[in-house]
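# Fold and contact review
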Protein chains: 2
Amino acid sequence: MAETLTVDEGLTFESGAHVAPLEIAYATYGSPDHPVVYISHALTGDADAAVWWNTLIGPGKPVDTERFHVVCANILGGCKGTTGPASTNPATGERYGLDFPLFTIRDMVAVHRALLRSLGIERLYGAVGGSLGGMQILQWALDHPDEIERAVLVCSTARLTAGNIAFSKVARHAILTHDAMDVARMMAHITYVSEESLRRKFSRNRRRPATGMTLDSDFEVEHYLDYQAKIFLERFDPHSYLYLSRVMDYYDPFPEAEVTPAGRFVLISFDSDWRFGTEHSEFILEQLTALGADVTHHEVESPWGHDSFLMNVPEYHRLVYQALR
Amino acid sequence: MAETLTVDEGLTFESGAHVAPLEIAYATYGSPDHPVVYISHALTGDADAAVWWNTLIGPGKPVDTERFHVVCANILGGCKGTTGPASTNPATGERYGLDFPLFTIRDMVAVHRALLRSLGIERLYGAVGGSLGGMQILQWALDHPDEIERAVLVCSTARLTAGNIAFSKVARHAILTHDAMDVARMMAHITYVSEESLRRKFSRNRRRPATGMTLDSDFEVEHYLDYQAKIFLERFDPHSYLYLSRVMDYYDPFPEAEVTPAGRFVLISFDSDWRFGTEHSEFILEQLTALGADVTHHEVESPWGHDSFLMNVPEYHRLVYQALR
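About the cut-offs
Position numbers for residues start from 1 in each chain and track the written sequence from start to end. The naming scheme follows written order: chains are lettered A onward, ligands numbered 1 onward. Given that this is a predicted model, residues contribute local features only at a pLDDT of at least 70 and side-chain atom pairs are listed and counted only at 80 or more, while totals for whole chains, interfaces and linings are drawn from all residues. Secondary structure elements are taken from DSSP: a helix is a run of H or I of four residues or more, a strand is a run of E of two residues or more, and numbering for both begins at the N terminus. Two residues qualify as being in contact provided that their C-beta atoms, derived from the backbone, are within 7 Å of each other. The nonpolar class holds Ala, Val, Leu, Ile, Met, Phe, Trp, Tyr, Cys and Pro. Asp, Glu, Lys and Arg form the charged class, and all remaining residues, Gly among them, are polar. Domain start and stop points were drawn from an automatic or database domain assignment. The atoms used to superpose the copies are C-alpha atoms, taken from residues with pLDDT of at least 70 in both, and the fit is least squares. In this analysis an axis means a line fitted to C-alpha atoms, helices contributing only their contacting stretch, and an angle means the value between N-to-C directions, from 0 to 180 degrees. Working rule for angles: under 35 degrees goes down as roughly parallel, over 145 as roughly antiparallel, 65 to 115 as roughly perpendicular, anything else as oblique. Here a crossing is taken to be left-handed if its near helix is turned anticlockwise relative to the far helix by less than a right angle, and right-handed if that turn runs clockwise.

For the rest of this paragraph, the subject is unusual backbone geometry. Residue Pro21 of chain A is bonded to the preceding Ala20 of chain A through a cis peptide linkage, with omega at -5°. On the secondary structure map, Pro21 of chain A appears in the loop between strand E3 (18-19) and strand E4 (22-29). For Asp179 of chain A, which is not glycine, the phi torsion reads 50° and is therefore positive. With a phi close to 55°, Ser131 of chain B is a non-glycine residue in the positive phi region. Along the chain, Ser131 of chain B turns up in the loop between strand E11 (126-130) and helix H3 (132-143).

Given below as structure tokens:
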């Protein structure tokens, strides 16, 4: 269960905007005497890393809560306990909504670091993140080159492509102009999986007897998307979705990076990932290498697309285990 | 400019539903004395084939209007002159809208054949279609094995995958529950192009000075999607979009095919097409071969994704020219 740290003086964002107070929802696992591994979550995650990433994190797992002190916080702008557009604006007593200032991944990292300072942690044995989680860790390592000894970036990116931004745009347009976060989520969900994983799960199977025709859901894959949209509307805030997707679009840390990070980087991509596929990790590899960093990249075979980082993929888990050994 | 044929007695659909009168908007090019080449258009096209497919069709072009009599009609269910959900229901005096009966690609073919009968054409020298256009020609050739001498199917499919249906579902959900055909079109547009084509056109270029952050359109690719959605809302009917996308989902002609088509088939796919890519054409190849048909498949290199069929791709145009020689 997540705890909450309140930073009364708040935080000044990179843009100059100031938000106070700042609340940070976080969870820890394992003894504080053990080396610290920080987990950064992806777009719609939360602090309870050992729940949503239970394939990777737990006793005896690659991120072993019996050997490490694992820390995770809900990200800035999220809606799972850390301050974001769904929080109350103390100036008005209402939710911030679209009055919440835009922020950057550097601001997210500032929140993680504020949390660690309050916990008395100055340096990380390891930091692990998938997708947007990896983006945070990369920014952190570039800005604070001595703070992360082992950085593991799974299916992450150093900059979204025009195609990534295009999907992001459609999702925002659906939410802003049609209040249609269900549509945004359905579409995003398709980008998280692979054609092969949809084929294995659903093929062209139909739920009704295969005689009639309808504009409603009929194929199993349609019912699946209906379900994904329904549970998402119950658990996530549309404004958080807007802000967090936009943070990703603007992210582009390497042009500003000048100092060689001291830690070691392990990059992992999945061959079936068409959201942040191998070419994204290869770009990070190339840029980190140019900075003189210690970095390796591994492409792992997996049929599950971008979602592979949440799945039991033995080769990927072995690589994470080794990276933290 | 399209002309209109009115079939007073209408058409009984495969489902048993009857629609009357049936109007068919069509265009012809070139002398009626020349061999007839029928063009089937894709999801949102119209009868004016030499306009929207002017890369391929015209004097001296691969589908040469000086050598062929070219015929094209707006498809059943469209909103460009042929009867569809946007037409007036004579029983009510109002637009059909969602009262229009669901129909099949076989019904579309019945409309094409009714048109040709009225024009005194019994047999086609050639038939050419891209995407949904190719699906119509394939159904036609399977059901009427002697009517098409040369069938050219460009980036077409014999059955949508679970991933194709998933995108189709999201578009329908956007329209049916949020009146958001703009969202549907933006998303569909992404599936028509390739990552490479978006990169070449837009990269991560921004329209505003690259300092501020906004939730509105900022990257050039976002403005492009805004524009695509805007012009589409002006030119297309949401109900037609619903029906035509659904027709495609249900399409699966080979399980019923028993007779060997007498004509020759040329299948063309594009290596960057991730909507109906090479694997779709390979499936058609395999199925037609099993039926004993004369069929060849060519994968053409092109950076433009599914939209390549509308572009000037010399190798593709050479193949169409040869197929009709």
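This next bit is on the interface of chain A and chain B. Taken together, the contact between chain A and chain B spans 37 residues of the former and 37 residues of the latter. Where the side of chain A that touches chain B is concerned, the elements lending two or more residues are helix H4 (162-178), helix H5 (181-192), helix H6 (195-202), helix H7 (220-235) and helix H8 (238-250) of chain A. By residue number, the principal contributor to the side of chain A that touches chain B is H4 of chain A, which donates 12 residues. Per-class residue counts for the side of chain A that touches chain B are 22 nonpolar, 6 polar and 9 charged.

This part covers the domain arrangement of chain A. Residue and element names in this part refer to chain A. What the domain assignment reports for chain A is domain 1 (3-160 + 252-323) and domain 2 (163-243). Taken together, the contact between domain 1 and domain 2 spans 20 residues of the former and 14 residues of the latter. Grouping the constituent residues of the side of domain 1 that touches domain 2 by class yields 10 nonpolar, 8 polar and 2 charged.

A few words on the relation of the copies chain A and chain B. Between chain A and chain B, which share one sequence, the superposing operator has a rotation angle of 180° and an axial displacement of 0.0 Å; the RMSD is 0.0 Å. Considering both components of the superposition, the chain copies are consistent with a two-fold axis. When C-alpha positions in chain A are compared against the rotation axis, the closest is assigned to His178 of chain A, at 3.0 Å. Here 100% of the interface residues in chain A have copies in chain B that are interface residues too; the copies meet face to matching face.

Attention now moves to the packing of H4 of chain A against H5 of chain A. Residue and element names in this part refer to chain A. Across the interface, H4 lies against H5 with an axial gap of 7 Å and an inter-helix angle of 160°. As summarised for this structure, H4 and H5 are arranged roughly antiparallel, according to the angle between their axes. Between H4 and H5 lies a crossing of left-handed hand. On H5, the residues that touch Phe167, Val170, Ala171, Ala174 and Ile175 of H4 are Met181, Val183, Ala184, Met187, Ala188 and Thr191.

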